[in-house]
Amino acid sequence: QVQLSEFGGGLVQAGGSLVLSCAASGSSPSIRTMAWYRQAPGKQRELVATITRGGVTIYVDSVKGRFTISRDNAKNTVYLQMNSLKPEDTALYYCNTDPPIDGFWGQGTQVTVSS
C-alpha cells in the first residue's frame, strides 16, 4: 500500500512562487507515472501536471510555462515548482498516480494566492 503526503502549500501574493513536495512511502511508487491535481472550492478536481518515471512531463494549458513538475526516484518524492502564481491557482493540491488510484489520495496541501 502506498501513502502519499503533500507539503509546501501556503499563502502567497500574486506573482509569487511556491514549491510543493509529495513524499511517497510503500511499495514501489517510483515505477509509476505521478501527477499533481488540484481542486478549487466549488469545482471538480483537475489534473495539473504529470511526470513519467523517465521524466517526461505534461501540463494543463493554464499552468504551462509557470509550473514545473519533477521527481527524485531515489527519494520517492515528486515536486511542483509554481512560479508567477495567480489568484486562480488557489486550490487544494494533491499528488497521486496518473491515472489516480482512489486509495492513494492524501490530505492535500492548500495554496492560496492573494491578488
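Owing to the predicted nature of the structure, the values given are computational and were not obtained by experimental measurement. (Residues numbered from 1 in each chain as written. Predicted model: local features only at pLDDT ≥ 70, side-chain atom pairs only at ≥ 80, totals over all residues. Heavy atoms only, no water.)

Draft legend 1. Up close: the sheet that holds strand E1 (residues 3–7). Spatially, the four strands line up as an open sheet ordered E1-E3-E8-E7, and their pairing is antiparallel. Looking at the sheet topology across the chains shown, the edges are occupied by E1 and strand E7 (67–72). Strand after strand, the sheet turns through a mean of 15° between neighbouring axes, direction not considered. Across six bridges, the pairing between E7 and strand E8 (residues 77–82) is antiparallel. Looking at the pairing, Ser70 lines up with Tyr79 of E8. (Pairing = 2+ DSSP bridges. Helix = DSSP H or I, 4+ residues; strand = E, 2+ residues; numbered from the N terminus. Axes fitted to C-alpha atoms, helices over the stretch in contact; angles between N-to-C directions.)

Draft legend 2. Expanded view of the state of the cysteines. Summed over all chains, the structure comprises one disulfide. Sulfur-sulfur distance for the disulfide between Cys22 and Cys95 comes to 1.8 Å. Taking the sign of the S-S torsion, 55° for the link of Cys22 and Cys95, the bridge is right-handed. Placement of Cys22 in strand E3 (residues 18–25) and of Cys95 in strand E9 (residues 91–97) is noted, with a sequence separation of 73 residues between them. The buried category is assigned to Cys95, whose relative accessible area is 0%. (Disulfide = S-S within 2.5 Å. Buried < 20%, exposed > 50% of the residue type's maximum accessible area, 1.4 Å probe, protein only.)

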